[in-house]
Amino acid sequence: RQRQMCIRDSLYINLRPCKAFKGNPLNYRDDIDLVIFRENTEGLYSGVEFRPVPDEVKDVLHKYSPNMERFMDVPNDEMAISCRIFTKKGCERILRAAFQYAKDNNRPSVTVVEKPNVIRETSGMMVEIARQIAPEYAPVELWEANVDAMAMWLVKIPQDYSVLVASN
């Protein structure tokens, strides 16, 4: 188990360079050159899930989250729950990797791509930590984008982005 956790923990970066090479007839633009860092071990990839949902899990969630109220009459075997778990260590680790990459490769910005307006606690934590560590990596700028809007911006103006970092 310790070895499995060590291996899983070490694969925390899903690194996706996205570059359009001039002359490729499949390109819709020739000026795309961005790198995506996606956290690969936390968030919904943490693998903490329940189906059927034990009474104890349902009761604890109901006690601490008013949003659980609407699910209390759903039979336990007719629901599944996935826990989106973020840690400070995990957020810092992926954010620092993205910022360090940007700094080492003369990239002007790191855009943290999250949804803190809806997923307040986990996405909020990622954005908060990004804001805390960003000054350490000057002159690299921190940009923030909502994940839904980012999909549009990557279609409309992908050339404006350099390094993106997101949870899973």
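What counts and how
Residues numbered from 1 in each chain as written. Predicted model: local features only at pLDDT ≥ 70, side-chain atom pairs only at ≥ 80, totals over all residues. Heavy atoms only, no water. Pairing = 2+ DSSP bridges. Helix = DSSP H or I, 4+ residues; strand = E, 2+ residues; numbered from the N terminus. Axes fitted to C-alpha atoms, helices over the stretch in contact; angles between N-to-C directions. Parallel < 35°, antiparallel > 145°, perpendicular 65-115°, else oblique. Left-handed = near helix turned anticlockwise from the far one by under 90°. Contact = heavy atoms within 4.5 Å. Nonpolar A, V, L, I, M, F, W, Y, C, P; charged D, E, K, R; others polar. Salt bridge = Lys/Arg side-chain N within 4 Å of Asp/Glu carboxyl O. pLDDT = per-residue confidence, 0-100. Phe/Tyr/Trp six-rings, centres within 6.5 Å; stacked < 30°, edge-to-face > 60°. Buried < 20%, exposed > 50% of the residue type's maximum accessible area, 1.4 Å probe, protein only. Lys NZ or Arg CZ within 6 Å of the ring centre and 35° of its normal.

Draft legend 1. Layout of the sheet that holds strand E6 (residues 141-146). Spatially, the five strands line up as an open sheet ordered E1-E2-E7-E5-E6, and their pairing is mixed. Both outer strands of the open sheet, strand E1 (13-19) and E6, are each paired with one neighbouring strand and no more. If you compare each strand with its neighbour and ignore which way they point, the axes differ by 20° on average. The pairing of strand E5 (residues 109-114) with E6 spans six bridges and is parallel.

Draft legend 2. Spotlight on the packing of helix H3 (residues 88-104) against helix H4 (residues 120-133). The contact between H3 and H4 brings their axes to 9 Å, and the two run at 50°. Judged by the inter-axis angle, H3 sits oblique to H4. Judged by the twist between their axes, the crossing of H3 over H4 is right-handed. Contacts between H3 and H4 involve Lys88, Cys91, Glu92, Ile94, Leu95, Arg96 and Phe99 from the former and Met125, Met126, Ile129, Ala130 and Ile133 from the latter. Residues belonging to the contact of H3 with H4 are distributed by class as follows: nine nonpolar, no polar and three charged.

Draft legend 3. Structural context of the pattern of salt bridges. A complete count under the given rule lists 10 salt bridges for this structure. The residue Arg93 makes a salt bridge to Glu39 at a minimum N-O spacing of 3.6 Å. Remark: Glu39 occurs in strand E2 (residues 33-39) and Arg93 occurs in helix H3; sequence separation between them is 54 residues. A salt bridge links Lys88 to Glu92; its shortest N-O distance comes to 3.9 Å. On the criterion of helical spacing, the pair formed by Lys88 and Glu92 is a turn pair, its members being four residues apart in helix H3.

Draft legend 4. Region of the structure containing the pairing of E2. Here seven bridges tie E1 to E2, and the two strands are oriented antiparallel to one another. Across the sheet, residue Cys18 finds its bridge partner in E2, namely Leu34. Here E2 pairs with strand E7 (residues 163-166) via four bridges, running parallel. Each residue of the ladder has a partner; that of Phe37, found in E7, is Val165.

Draft legend 5. Expanded view of the confidence of the model for the protein chain. Looking at the protein chain, pLDDT values average 92 and 95% of them are 70 or higher. In this model, residues 1-6 is a region of pLDDT below 50 whose contacts with residues beyond four sequence positions or in other chains number zero contacts.

Draft legend 6. Structural detail: the packing of aromatic side chains. Per the counting criterion, the structure on display carries three aromatic pairs. Seen in terms of ring centroids, Phe99 and Tyr137 are 5.3 Å apart; in terms of plane orientation they differ by 25°. Their pairing is stacked. Of the two residues, Phe99 sits in helix H3 while Tyr137 sits in the loop between H4 and E6, which places them 38 residues apart along the sequence. In this structure, Phe99 and Tyr137 share a single accessibility class: buried. With 5.7 Å between their ring centres and 80° between their planes, Trp143 and Tyr161 make a pair best called edge-to-face. Taken as a pair, Trp143 in strand E6 and Tyr161 in the loop between helix H5 (147-156) and E7 lie far apart in primary sequence, 18 residues in all. Take Trp143: its relative accessible area is 30%, and that puts it in the partly exposed class. Take Tyr161: its relative accessible area is 11%, and that puts it in the buried class. Seen from the ring of Phe21, Lys19 lies directly overhead, with NZ or CZ sitting 5.7 Å from the centre.

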